[in-house]
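Now for the letters of each chain:
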Amino acid sequence: MSVTRRNGTKVLLPRTGPDEFWNLIHDNFAGADQRKWKYLAMLALRENAGWPLDRIGNVFGHPKGHVTRCLTRIKQELREEFDVSPEMLGADEDDPFSDIT
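## Some points on the pattern of salt bridges
Applying the stated criterion across every chain yields a total of 4 salt bridges. One salt bridge connects glutamate 77 with arginine 35, and the closest N-O pair in it is separated by 3.0 Å. Of this pair, glutamate 77 sits in helix H4 (residues 64-81) while arginine 35 sits in helix H2 (residues 34-47), and the two are 42 residues apart along the sequence. Judged by its relative accessible area of 24%, arginine 35 is partly exposed. Note that glutamate 47 is salt-bridged to lysine 75, the shortest N-O span being 3.3 Å. Pair noted here: glutamate 47 is in helix H2 and lysine 75 is in helix H4, with a separation of 28 residues, a long-range link. Relative accessible area serves as the criterion here: at 40%, glutamate 47 is assigned to the partly exposed category. A single network of salt bridges, built from pairs that share partners, joins Arg35, Arg73 and Glu77.

## A look at the side chain of glutamate 77
The exposure class of glutamate 77 is buried, given its relative accessible area of 15%. Beyond its immediate chain neighbours, meaning those up to four positions away, glutamate 77 contacts Phe29, Arg35 and Lys36.

## Observations concerning the nonpolar core
In globular proteins that are soluble, nonpolar side chains generally tend to be buried together. Grouped together as the largest cluster of nonpolar side chains are 18 residues, with contacts concentrated most on Phe29, Leu40, Met42, Ile74 and Leu78. If you tally residues by element for this core, the top one is H4, at 5 residues. Apart from the residues within four sequence positions on either side, leucine 40 is in contact with Trp22, Ile25, Phe29, Ala30, Ile74 and Leu78.

## Points about H4
Compared with an ideal rise of 1.5 Å per residue, which puts 18 residues at 26 Å, H4 spans 26 Å between its outermost C-alpha atoms and is within 8% of the ideal. Elements that come into contact with the buried residues of H4 comprise helix H1 (18-30), H2, helix H3 (53-60) and strand S3 (82-83).

## Concerning the pairing of strand S1 (residues 2-5)
A one-sided burial pattern is seen for S1, the buried positions being Val3 and Arg5 and the unburied ones Ser2 and Thr4. Inspection of the sheet shows S1 paired to strand S2 (residues 10-12) by 3 bridges, in the antiparallel sense. By the bridge assignment, valine 3 is partnered in S2 with valine 11. Hairpin connection, S1 to S2: the antiparallel pair is bridged by 4 residues, and glycine 8 has positive phi, about 95 degrees.

Rules of the game
- Residues numbered from 1 in each chain as written.
- Predicted model: local features only at pLDDT ≥ 70, side-chain atom pairs only at ≥ 80, totals over all residues.
- Heavy atoms only, no water.
- Salt bridge = Lys/Arg side-chain N within 4 Å of Asp/Glu carboxyl O.
- Helix = DSSP H or I, 4+ residues; strand = E, 2+ residues; numbered from the N terminus.
- Buried < 20%, exposed > 50% of the residue type's maximum accessible area, 1.4 Å probe, protein only.
- Contact = heavy atoms within 4.5 Å.
- Core = buried A, V, L, I, M, F, W, Y, C linked by side-chain atoms within 4.5 Å.
- Expected span 1.5 Å × (residues − 1).
- Pairing = 2+ DSSP bridges.

In short, geometric facts, not functional conclusions.
See below:
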């Protein structure tokens, strides 16, 4: 599978494993930006492990509402950086952030 950056550059997503995927995220999105990595960690805990918002908040020292705002922001940044289908980032047609309430 591949995604296309807004500038038209294609990024091939590997099928080999998570290490290669996260290397691509590093190289094409987050780099050395600590805030983005923190928000990506929150997103991974929520989407991949199903953690509740308040438990994610416990880990990062943030209230539940702030975690919701962080997730909203990182999803929006991912959407702005990559041209992907909405369902890939958990978006609903009517409410793109309904899954993080």
